[in-house]
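Working through the structure, step by step
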Amino acid sequence: MDKLAQLLEEANATPEQREEIRRLFSFEGFDATVREGRQVTEDTVVSARPVSKEDDGKDLLTDAPRLGRYEDLGMIGKGGMGEVRRILDPKLQRRLAMKLLRPEFLTSEAVMSRFIEEAQIIAQLQHPNIIPVHEIGQLDDGQLYFTMKEVRGKPLSEIITQVHEASQNGTWQESEDGWTFRKLINIFSQVCATVAFANSRGVVHRDLKPENILVDTFDQVLVVDWGIAKILGKTHDRFAEVTEMVEPSRADINQTRMGEVTGTPSYMAPEQARGEVDKIDQRTDVYGLGAILYEILSGRCPYGGASFRQVLNKVILGPPPSVRETIISLERSTQTIELDFFDFEAELVEESVKGSLEERTEKGVMLPEDLVRACEKAMHRSQSSRYQSANDFQRVIIDWIDGANRREKALAVVTTAKSTDTLLKKLHVESQEIYTQTAEQKKDLPDWAGESELAAIWEREDRAEHLLMEKSLLEARRQELLKGALTHKADVEEAHIELLLDYKNQHIEAEKAGDEEMAAKARMGVEAHLNMLPKESPIRIETLTYLQGTGKVSVKTNPVGAEVWVSSFEIRSRRMILGKERLLGHTPLEEMPLEMGSYSLRIHKEGYHDVTYPVRIERLGHWSGRTPDGEQPAIWLPPIGTLSPNECYVPAGSFLNGRCDSAQNPSPDVELWVDGFIVSRYPVTYEQYRAYLQDLRDKNRADELLAAMPSEQAAGASSSGASGFFVNEQGIVEYRKDPKGLLPQADWPVAYISFQQALAYIKWLNETSEYEWRLLNEYEWEKAGRGVDGRTFPWGNFLSPAWCNMDQSKQTQVPCDIYAYPIDESVYGIVGMAGNIAEWTSSAWVLQPDLPPYSRVDVKPPYPSDTTYRCWRGGGWNMPTMMCTMANRIAFSEEEGASHLGFRIARSLPN
């Protein structure tokens, strides 16, 4: 005791500190724990010897060696100044740990004072995660000691290794012992709280590292080894007087060192590594905490090296590698040198080894961005740029843990929502199968089928509708769950991804259906959740590509080497008008990128007519001009002279058919392939038809002339001679008023023509023509009028009565000449298809055509003769908007005509 009193006097201890140490000398009942250093071995359970009645509270003598009144049960570990031994207190029958100052230091008053100070510091830090001292004393041989409770547990470094070894496939996994990344962060939060408490009592640990964090079997966290702690406010650090006790060449680089530079270099703050003792404060411990978090995140300590001095120099020179970055190594012959400085510059490498630079990339787990930023801030080189206290640091960690807890709840809800996917798919498949089967059954029934024949079909259709209702309700429930997950945590990526994919699927379906309003709403939903995903997210990148929609176009021509000029259709004044033209390239073109949209390609080659070739670039699509059989035929370029000024060329290719809710009897919404053809720019006029009649009169073909006249039967008039023509006394065919009182004009489209009369005109025309003329098939007609992009009218999707001759175009409903409405022109240059005159097609009338998706339409004569009804297309001068759509289809007797009904001629391409 005299020696201890002398040391206390020399340590300049205050009277209060002296009294506390004296109290500790005699205090044995406080249950505390300690464990020190990386060299501690795994504990084994040692049963305490029971107390017998004969002992009666007296010391129990055994054969074990003695350390004062304690039994020595063996070495636990060694440190820089002392060793820790397992002991038994015979009076209380409990095992303890005793820290002893090594005998060689008994002559060093500085070391002895530091040993006493360590006991004093621990005694003053009464915290559940810090080991208090039971007793301090001196053995008979003068050796100083203090006792603590023995610790059973693992150092945090081992747990970190286990978690990183268990994690794979880019995700954190649970170790065999049940440790997870989340548990590591919970432990780290307790460490922060413990250090914050010590700092608030004026104590800086100075040696924070995973080896000095112990976790027992009940997950209690202990911050140990306060042997080099510094008391803030003391101007004198006794370690400045303590020389290094271990030879540098033989020292573990992560062993605690004493002296002017005190601590473990891999985890040291820069000011500590530089030996700036006066700058060491609580922010130094914040750096140490950041270094522990660095190892939790990366699985490795911040700095590595071959020796204490090498690691120390790295700490002084610059920051460690970022936990975000790949390890880079340089190989020089058989020697590997790690370059793990964060701000490593390539120019610092010798020229002789630059060529051997080799990047090794290992797929790691996803690191939480908030924790990475917290780690970087805590380990900032500048003390003023770090968290200013461990308490501030812990608040960030707690916020992340709280977010992680809320994230787990959110993910549980997302899992519940995703569990509906299988059932949703089943409901969809089953309902569609029913609709397909009932549609086939209906085909075999006549239109007049009765209830007895339809009852079973209706029952099945009701079942399909019920399934779709279930599917709709389940989809709504799924979305409610996903949105509910976001109320737990607004940035849960998994929920945003599921909602994004739902809206994306809605957007795809809306675009297929041509529902612009629904597509716009779905796109808003996609973009809202897209913005909640990190920039590097594959789903985000893929979705951005989808929204941008850039596709490709390929073009082949016969002959090759043609210029291809492209211009896009833009909405101006509610019409689709071509924008500025630019050169796309020369044929053949292969997969040239084009943003999604509607375009017109102008194909130009000297010696050939320019060809208008509209294309539709769907979202991420490829317009290749391939047939349903998979072939890519070359676009025929018509040589100069093969087209007259009043002829338009429609190249072979596909177009969007149907897709118009406002049309009457539209055909199915499918993409159809139509071979190329040539069609007259304008419908047949009164003057052209009069010339036909005049030729029949001049050639005395009286029977044909009579049949060709729009007669009582054709016009449905009440008297003979009700057509727009008559033959005067001189044998000249002239115009006369029609039954409506209208006197035809030469450039009006001819009307009151029956289907049979149109065919007779074409037969007469072919007698003197080098070409084989015919009527258009109804699908040829539709493509010629609307192009390939599914527009409603020749000019776009909006109708103004000023753009075509219809029932609202003028105060008095009358026909007009074929040149009066230039806006009523298709992309191919064909005029008058929306208004002025409706037109016969060669197609026999079918109410519901059977058109397989992407099928090829046979449009060539001879015309079917097994029906008396034909399909006519287009609007007339006395018709409403509905009749002016390009998808409108009307059935009419081929023997009758009407004031709004005429025709135009076409021919197939030469072989």
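In short, a report on the structure. (Residues numbered from 1 in each chain as written. Predicted model: local features only at pLDDT ≥ 70, side-chain atom pairs only at ≥ 80, totals over all residues. Heavy atoms only, no water.)

Focus: the overall build of the chain
What counts is decided by this rule: Working definition: helices are DSSP H or I runs of at least four residues, strands are E runs of at least two. Numbering for both runs from the N terminus. Exposure classes here rest on a 1.4 Å probe applied to the protein chains alone. A residue is buried below 20% of its type maximum, exposed above 50%, and partly exposed in between. Contacts are assigned to residue pairs that have any heavy atoms within 4.5 Å of one another. Each accessible area value is a Shrake-Rupley result obtained with a 1.4 Å probe; residue values ignore everything except the protein chains displayed when judging cover.
Scanning the chain from N- to C-terminus turns up 22 helices and 38 strands. Buried residues in the chain amount to 51% of all 911 residues. In the chain, of all internal contacts separated by at least 6 residues, the share reaching a separation of at least 24 is 68%. Here the chain has roughly 43400 Å² of accessible surface; of this, 50% comes from carbon and sulfur atoms.

Focus on a negative patch on the surface
The condition that has to hold: For patch building, the residue pool is restricted to those with more than 30% relative accessible area and no salt bridge; the joining distance is 9 Å between like charges and 5 Å between nonpolar side chains (Val, Leu, Ile, Met, Phe, Trp, Tyr). The salt bridge definition used is simple: a Lys or Arg side-chain nitrogen within 4 Å of an Asp or Glu carboxyl oxygen. His residues and chain termini do not enter the charge count, which takes Lys and Arg as positive and Asp and Glu as negative. Charged groups are reduced to one reference atom each: NZ for lysine, CZ for arginine, CG for aspartic acid, CD for glutamic acid.
A cluster of acidic residues, Asp-515, Glu-516, Asp-661 and Asp-669, forms a negative patch on the protein surface. Looking at the element boundaries, Asp-515 is found in the loop between α14 (493–513) and α15 (516–530). Since its relative accessible area comes to 35%, Asp-515 is described here as partly exposed.

Looking at the pattern of salt bridges
For the structure on display, the rule yields 52 salt bridges. Arg-395 is paired through a salt bridge with Asp-392; the nearest N and O atoms lie 2.3 Å apart. Of this pair, Arg-395 and Asp-392 both sit in helix α11 (residues 390–418), three residues apart, which is roughly one turn of the helix. Of the residues examined, Arg-395 reaches a relative accessible area of 45% and is grouped as partly exposed. You can call Asp-392 partly exposed: its relative accessible area is 25%. As a salt-bridge pair, Arg-904 and Glu-839 come within 2.7 Å of each other at their nearest N and O atoms. In this pair, Arg-904 sits in the loop between β37 (901–902) and β38 (906–908) while Glu-839 sits in strand β33 (residues 838–844), placing the two residues 65 residues apart along the sequence. By relative accessible area, which is 1% here, Arg-904 ends up buried.

As for the side chain of Asp-72
Quick note on the threshold: Any pair of nitrogen or oxygen atoms within 3.5 Å is treated as a polar contact; in protein, a donor-acceptor pairing is required on top of that, and neighbouring residues in sequence qualify only through side-chain atoms on both sides.
Mapped onto the secondary structure, Asp-72 falls in strand β3 (residues 70–78). Of the polar contacts made by the side chain of Asp-72, one reaches the backbone nitrogen of Gly-74; its length is 3.0 Å. Engagement of the side chain of Asp-72 in a polar contact is seen with the side chain of Arg-85, the distance being 2.9 Å. Each residue touching Asp-72, except ones within four places of it in the same chain, is listed here: Ala-64, Pro-65, Leu-67, Arg-85, Arg-86 and Ile-87.

Observations regarding the packing of α11 against helix α13 (residues 451–488)
Just so we agree on the cut-off: For helices, the fitted line uses only the C-alpha atoms of the stretch in contact; every axis is such a line through C-alpha atoms, and the angle between N-to-C directions lies from 0 to 180 degrees. Small angles under 35 degrees read as roughly parallel and large ones over 145 as roughly antiparallel, with 65 to 115 read as roughly perpendicular and the rest as oblique. Amino acids outside the nonpolar list (Ala, Val, Leu, Ile, Met, Phe, Trp, Tyr, Cys, Pro) and the charged list (Asp, Glu, Lys, Arg) are all regarded as polar, and Gly is one of them.
Packing of α11 against α13 brings their axes to within 8 Å, and their N-to-C directions diverge by 175°. Classed by the angle they form, the pair α11 and α13 counts as roughly antiparallel. Within the contact between the two elements, α11 uses Arg-406, Lys-409, Ala-410, Val-413, Val-414, Thr-416, Ala-417 and Lys-418 and α13 uses Arg-478, Leu-481, Leu-482, Ala-485 and His-488. Here the contact of α11 with α13 is built from residues that sort into seven nonpolar, two polar and four charged.

Points about α13
We count it as follows: For a helix, the expected span equals 1.5 Å multiplied by the residue count minus one. Note that bend, as reported per residue, equals the angle between axes fitted to the 7 residues terminating at that residue and the 7 residues originating from it.
Here α13 contains 38 residues, and its C-alpha end-to-end distance of 54 Å stays within 8% of the 56 Å for a straight helix at 1.5 Å per residue. The sharpest bend along α13 measures roughly 25° and falls at Ile-457.

Examining the sheet that holds strand β21 (residues 589–594)
Stated formally: Here, any two strands with at least 2 DSSP bridges between them count as paired.
Judged by pairing direction, the sheet is mixed, and its three strands sit side by side in the order β21-β16-β24 without closing on themselves. The strands lining the two open edges of the sheet, one partner per strand, are β21 and β24 (622–623).

Concerning the sheet that holds strand β36 (residues 890–893)
Strands sit in the order β36-β35-β33-β37 across an open sheet of four strands; the sheet is mixed. Of all the strands in the sheet, just β36 and β37 have a single pairing partner and so form its edges. In terms of strand pairing, β33 meets strand β35 (residues 869–873) through three bridges, oriented antiparallel. If you follow Ala-844 over to β35, its bridge partner there is Arg-870. Here helix α21 (residues 778–786) sits on the sheet in contact with β33 and β35, set at roughly 5° to β35.

So, the nonpolar core
In globular proteins that are soluble, nonpolar side chains generally tend to be buried together. This is how the line gets drawn: We call a set of buried residues a nonpolar core when its members are Ala, Val, Leu, Ile, Met, Phe, Trp, Tyr or Cys and they connect through side-chain atoms within 4.5 Å of each other.
Counting 81 residues, the largest nonpolar core has Ile-185, Phe-188, Trp-226, Leu-289, Leu-293, Ile-296 and Phe-393 as the members making the most contacts within it. In terms of residue count, the dominant contributor to this core is helix α5 (residues 181–200) (eleven residues). Beyond its immediate stretch of four places on either side in the chain, Trp-226 contacts Arg-114, Glu-118, Ile-122, Leu-125, Ile-130, Ala-198, Val-203 and His-205. In terms of nonpolar packing, the next biggest core, distinct from the first, is built from 52 residues, Met-576, Leu-601, Val-611 and Leu-776 among them.

Quick look at the packing of aromatic side chains
Here is the rule: Any Phe, Tyr or Trp ring, taking Trp's six-membered ring, that has another such ring centre within 6.5 Å forms a pair; planes under 30 degrees apart are called stacked, those over 60 apart edge-to-face, and the others tilted.
Per the counting criterion, the structure on display carries 23 aromatic pairs. Here Tyr-686 and Phe-725 contribute two aromatic rings whose centre-to-centre distance is 5.5 Å and whose plane-to-plane angle is 40°, an arrangement assigned as tilted. Residue Tyr-686 is found in helix α17 (residues 686–698), and its partner Phe-725 is found in strand β30 (residues 725–727); the two are separated by 39 residues along the sequence. We note that Tyr-686, like Phe-725, is buried.

Focus on the environment of Thr-545
With respect to the helices, strands and loops of the structure, Thr-545 is situated in helix α16 (residues 538–548). Separated by 74 residues in sequence, Thr-545 and Arg-619 place their C-alpha atoms 9.3 Å apart. When residues no more than four places from it in sequence are discounted, the contact partners of Thr-545 are Thr-550 and Leu-620.

What to know about the packing of α5 against α11
What counts here: In this scheme, a crossing is called left-handed if the near helix is turned counterclockwise away from the far one by less than a right angle; it is called right-handed if the turn is clockwise.
Taken N-terminus to C-terminus, the directions of α5 and α11 make an angle of 155°; their axes are 9 Å apart at the nearest point. Between α5 and α11, the interaxial angle falls into the category roughly antiparallel. As α5 runs across α11, the sense of the crossing is left-handed. Taking contact as the criterion, the partners of Phe-181, Arg-182, Ile-185, Asn-186, Phe-188, Ser-189, Cys-192, Ala-193, Val-195, Ala-196 and Asn-199 in α5 are, on α11, Ala-390, Asn-391, Phe-393, Gln-394, Ile-397, Ile-398, Trp-400, Ile-401, Ala-404, Asn-405 and Glu-408. Among the residues making up the contact of α5 with α11, the classes are represented as 14 nonpolar, six polar and two charged.

Here's the deal with the side chain of Arg-386
Inspection of the secondary structure assignment puts Arg-386 in the loop between α10 (369–378) and α11. Of note is the side chain of Arg-386, whose polar atom sits 2.9 Å from the side chain of Glu-271. The residues touching Arg-386, leaving out its near neighbours within four places in the chain, are Ala-269, Pro-270, Glu-271, Arg-283, Thr-284, Val-286, Tyr-287, Lys-377, Ala-378, His-380 and Arg-381.

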